Amino acid sequence: MRLLLVEDDAELGRRLGDRLRGAGFAVDLATTRADAEAWPEMEHIDAVVLDLGLPDGSGMDLLRHWRGGRVDTPILILTARGSWQDKVAGLNAGADDFVVKPVRFEELLARLNALLRRQSGQRESALEAGGIRLDPITREVTLDGAPLQLSRQEFRLLHLFLRRAGHVLPQADIIEHLYELGELRDRNTVEVLVGRLRRKVGTQRITTQRGLGYRFEK
Amino acid sequence: MNAPPRPRPTLAVPWHSLRLRFVLSILLWVSLGIGAIWYSSIRLFERHVEASYHEELEVHLRELARLTRLDAEGAPKLTRPLSDPRYEEPLSGFYWQVSLPGQPPLRSESMTRGALDEGIAHSPNVVHKVLGGPTGPAITYGFTRPAPGGHVLHFVIATDQRHLDRLVRDFTRELTVWLVVLAVTLLATGIAIISFGLRPLDRLAMAISRLRSGGSARLEGRYPAEIEPLVDDLNAFIEQNTEIIARARVQAGNLAHSLRTPLAVITDEAERLAESGQAPEAAAVLLDQARRMGQQIEYQLARARSSAGARLPGTASALPEMLEPIVSAMRRLHRDRTFVLDADPQAAVVLPIDPVDLSELVSILVDNAGKWAASRVVVAVRRAAGGVEISVTDDGPGMTAAQIAEACEIGRRFDEAMPGAGLGLAIAREIARDIGATLSLAALAPPARGLCCRVLLPG
């Protein structure tokens, strides 16, 4: 899952980015409104965490800009301004949730995953398919009830597969959702990563659709 | 947004009012003036009528003397009747009498009975007095003239006092009627002038009333040169006040903003410390203190916002319009719940309450209801005794009486798994107090489940 974190405070941005990466997300960080507004590949961003107080403008205007431009990515506002006037305005401008700083990371993660779950039409917090269960909040993965150890990238990939279980995932989409902007991208790396994951979850679960991509079988 | 109803100037005059002072002053002035005119006019008229009578009687007395002759027997006779025919009419009140010692007195034909006191005629000079006459008290004139043979003729002429009294009485009555009419006219004109003169003050009172009810943000309208500077000063004061409050709110927000971001970093550091297992106790203390600081910032900021807004004139909340964006936002926030806005058309009203405060209060209640509801939240607006009631009802687990009693305490949370800082109801209670509203919580009566929060807004 790839997130865009819009946060002007460098220290908090770095810390949140690290935490979110640790939770299995690829995180792009924008520190100004201008950067965020011109962010490339918005269509590959799975969710946005948006601070409202940006140095070069209001995050609320940025929100309206995205929603006006038909960007339907889930957006979670993370702000230090906690009045309901701001919350109501933000929600009505198209935000999906609102978290006031300081927030415990587990709560932020839970709210973020709830948004992603809602986006993919799921009700349960844990994702489950083909005997594999992945809890994005606790980062626990089990295969037929037995714990499974995955690397950060393997976790990200499995998370992506489970969210799109039964659907063909083109290799290009996998790259866009797994890697942050500016990270080295290589198709071979994806093949290697898929191979490693196959060995851990069972080769029959991830099939190659020749010329199209990969599919996680339900 | 509906325009607020224009306050009408009240017809009842309060005791300490300029209008009453003016009316009483005019009443006193008109009464004194008219009374003085009434009194002096009557006195003047009396004197004038008396003088006329006296002059007339003196003329008649002298005519009587001129027309009196002694006949062959030495008895007094008139050569012809007096020119005034009233002396011929019986008991007309006009009498004369001529007497000569040793002779029967000669009397006017009008004097069919009684006599005049000839004692008044005791000198050659005209003497007058009010004496008893044939038909009551009479103004009596008399003098003497020498007669042949060394005798003295006594001439007496009299007119009943009642004639003069009647004239004065008639005049007084007529004068009184006209002066009363004049007094009423003067008073009415005075009141009209007062009303006209005080109309700008009435308009000012209405403008202040509109300001208080939130119908306008400043005193509107043009005023006379004497009042305009006062209105300008008041408007400048209001604007300055509004700016100060707006600036204070922004500064409070900025302060909260500048504290919360470093606090988020501290929270993160504490979490990392806790996760690393190096200093779990220190991490727990840091996390707890950071949480408390966050609570205090939120609580004090909300209080500062609402207590500043509660004193801001010219602000108004239109119901139910202002609830729509809140309900719409909550539908987005709690997507698996149904939110219903049930507004009674009779309860459509504009209240003199800062909309920021009221929406903060209602948002807290609706968000709380959204968190706890099983499936449905109803936000209703109704007319109630003493004002308008906004109720927020959910179909969640509800609360026990003990929980309700503690619900508005700072940091009180009944489910730690629920997101939030446990401040919502404490802040809601503070805002309700600041805006003069009453907040009450009640569990629904079984078999229904859920909680109903009611906000009674005065007005």
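Keep in mind the model is a prediction, meaning the values are calculated, not measured.

(A) Fine view of the overall build of chain B. If you tally the helices and strands in chain B, you get eight helices and 14 strands. Residues counted as buried form 29% of the 459 residues belonging to chain B.

(B) Geometry of the overall build of chain A. Tallying secondary structure elements over chain A gives eight helices and 14 strands in all. Residues counted as buried form 43% of the 218 residues belonging to chain A. Long-range contacts, defined as pairs at least 24 residues apart, comprise 58% of the intrachain contacts of chain A with a sequence gap of at least 6.

(C) Spatial organisation of the pairing of strand E6 (residues 75–79) of chain A. All names here are of chain A. For E6, the tally of buried residues reaches five of five residues, placing the bulk of the element in the interior. Here E6 shows two buried faces, one formed by Ile-75, Ile-77 and Thr-79 and the other by Leu-76 and Leu-78. Bridging between strand E3 (residues 47–50) and E6 involves three bridges; their strand directions are parallel. Within the sheet, the bridge partner assigned to Val-49 lies in E6 and is Leu-76. Inspection of the sheet shows E6 paired to strand E7 (residues 97–100) by four bridges, in the parallel sense. Among the inter-strand pairings, Ile-77 is bridged to a residue of E7, identified as Phe-98.

(D) Up close: the interface of chain A and chain B. Contacts between the two partners involve 23 residues from chain A and, on the opposite side, 28 residues from chain B. Of all elements in the fold, only helix H1 (10–22), helix H4 (84–92) and helix H5 (105–119) of chain A reach the threshold of two or more residues within the side of chain A that touches chain B. With six residues, the single largest contributor to the side of chain A that touches chain B is H4 of chain A. Tallied by class, the residues present in the side of chain A that touches chain B amount to seven nonpolar, five polar and eleven charged.

(E) View of the packing of helix H1 (residues 18–67) of chain B against helix H2 (residues 161–213) of chain B. Residues and elements named next belong to chain B. At a minimum axis distance of 9 Å, the contact between H1 and H2 shows a crossing angle of 160°. Regarding the angle of H1 to H2, the classification is roughly antiparallel. With respect to the hand of their crossing, H1 and H2 are arranged in right-handed fashion. Looking at the contact of H1 with H2 residue by residue, the classes come out as 26 nonpolar, four polar and three charged.

(F) Structural detail: the sheet that holds strand E9 (residues 132–135) of chain A. All names here are of chain A. Strand order in the open sheet formed by four strands is E8-E9-E10-E11, with antiparallel pairing between adjacent strands. The sheet terminates laterally at strand E8 (127–129) and strand E11 (146–147), the two strands that pair on one side only. Summarising the sheet, E8 and E9 pair through three bridges and their orientation is antiparallel. Paired with Leu-127 across the bridge in E9 is Leu-134.

(G) Representation of the nonpolar core in the model. Ranked by internal contacts, the top residues of the largest apolar core, which has 115 residues, are Leu-3 and Leu-50 of chain A. At eight residues, the largest contribution of residues to this core is made by helix H6 (residues 355–372) of chain B. Domain assignment of the residues forming this core places at least three in each of domain 2 (228–309) and domain 3 (317–458) of chain B. Counting residues in each nonpolar core, the second largest holds 22 residues, with Leu-57, Leu-64, Tyr-87 and Val-156 of chain B among its members.

(H) Representation of the environment of Glu-321 of chain B in the model. Within the secondary structure, Glu-321 of chain B sits in the loop between strand E8 (317–319) and helix H5 (323–333). Considering only alpha carbons, one finds Glu-321 of chain B and Ala-343 of chain B, 22 residues apart in sequence, at a separation of 9.5 Å.

(I) The arrangement of H5 of chain A in detail. All names here are of chain A. Look at H5: 21 Å from first C-alpha to last across 15 residues, which is about the 21 Å you get at 1.5 Å a residue. Residues Leu-108, Leu-109, Leu-112, Asn-113, Leu-115 and Leu-116 constitute the buried set of H5. Down the axis of H5, the buried side of the element spans an arc of 155°, and every buried residue falls inside it. Where H5 is buried, its residues meet E3, E6 and E7.

(J) Local environment of the sheet that holds E7 of chain A. Residue and element names in this part refer to chain A. Across the sheet, which stays open at both edges, the five strands sit in the order E2-E1-E3-E6-E7 with parallel pairing between neighbours. At either end of the open sheet lies a strand with only one pairing partner, and these are strand E2 (26–30) and E7. Shown here is a sheet whose adjacent strand axes are inclined to one another by a mean of 20°, direction ignored.

(K) Here's a closer look at the confidence of the model for chain A. The predicted model of chain A averages 86 in pLDDT, with 97% of residues at 70 or higher. Averaged pLDDT values for the elements of chain A fall to 81 in helix H7 (residues 171–178) of chain A and rise to 94 in E3 of chain A.

(L) Just the packing of H4 of chain A against H6 of chain B, in detail. As a packed pair, H4 of chain A and H6 of chain B sit with axes 9 Å apart at the nearest point and diverge in direction by 75°. Between H4 of chain A and H6 of chain B, the interaxial angle falls into the category roughly perpendicular. Every residue of H6 of chain B that contacts H4 of chain A at Trp-84, Gln-85, Lys-87 and Val-88 of chain A is listed here: Val-356, Ser-359, Glu-360, Ser-363 and Ile-364 of chain B.

(M) Fine view of helix H3 (residues 228–276) of chain B. Residues and elements named next belong to chain B. Given a rise of 1.5 Å per residue, 49 residues ought to cover 72 Å, and the 71 Å separating the end C-alpha atoms of H3 matches this to within 8%. By the burial criterion, the buried members of H3 are Val-231, Ala-256, Arg-260, Thr-261, Leu-263, Ala-264, Thr-267, Asp-268 and Ala-270. Remark: Gly-277 follows H3 within two positions and exhibits a positive phi of approximately 75°.

(N) Spotlight on the confidence of the model for chain B. Residues and elements named next belong to chain B. Per-residue confidence for chain B averages 86 on the pLDDT scale, and 92% of its residues sit at or above 70. The weakest mean pLDDT in chain B belongs to helix H4 (residues 280–309) at 80; the strongest belongs to strand E3 (residues 94–99) at 93. Counting contacts from residues 1–10, a segment whose pLDDT is below 50, to residues more than four positions away or on other chains yields 21 contacts. Among the prediction metrics, the complex's ipTM stands at 0.74, with pTM recorded as 0.64.

(O) Spotlight on the environment of Tyr-95 of chain B. All names here are of chain B. You can see Tyr-95 is positioned in strand E3. A residue is classified by how many C-beta atoms lie within 10 Å of it, and Tyr-95, with 27 of them, is buried. Once the C-alpha coordinates of Tyr-95 and Ile-157 are considered, the two residues, 62 residues apart in sequence, prove to be 5.7 Å apart. Here Tyr-95 is in contact with Ser-108, Ser-110, Met-111, Leu-116, Gly-133, Pro-134 and Ala-158, once residues within four sequence places are set aside.

The rules behind each value
- Residues numbered from 1 in each chain as written.
- Chains lettered and ligands numbered in written order.
- Predicted model: local features only at pLDDT ≥ 70, side-chain atom pairs only at ≥ 80, totals over all residues.
- Helix = DSSP H or I, 4+ residues; strand = E, 2+ residues; numbered from the N terminus.
- Buried ≥ 20, exposed ≤ 12 C-beta atoms within 10 Å, placed from the backbone.
- Contact = placed C-beta atoms within 7 Å.
- Pairing = 2+ DSSP bridges.
- Nonpolar A, V, L, I, M, F, W, Y, C, P; charged D, E, K, R; others polar.
- Axes fitted to C-alpha atoms, helices over the stretch in contact; angles between N-to-C directions.
- Parallel < 35°, antiparallel > 145°, perpendicular 65-115°, else oblique.
- Left-handed = near helix turned anticlockwise from the far one by under 90°.
- Core = buried A, V, L, I, M, F, W, Y, C linked by C-beta atoms within 7 Å.
- Domains from an automatic or database assignment.
- Expected span 1.5 Å × (residues − 1).
- Arc of directions from axis to C-beta.
- pLDDT = per-residue confidence, 0-100.

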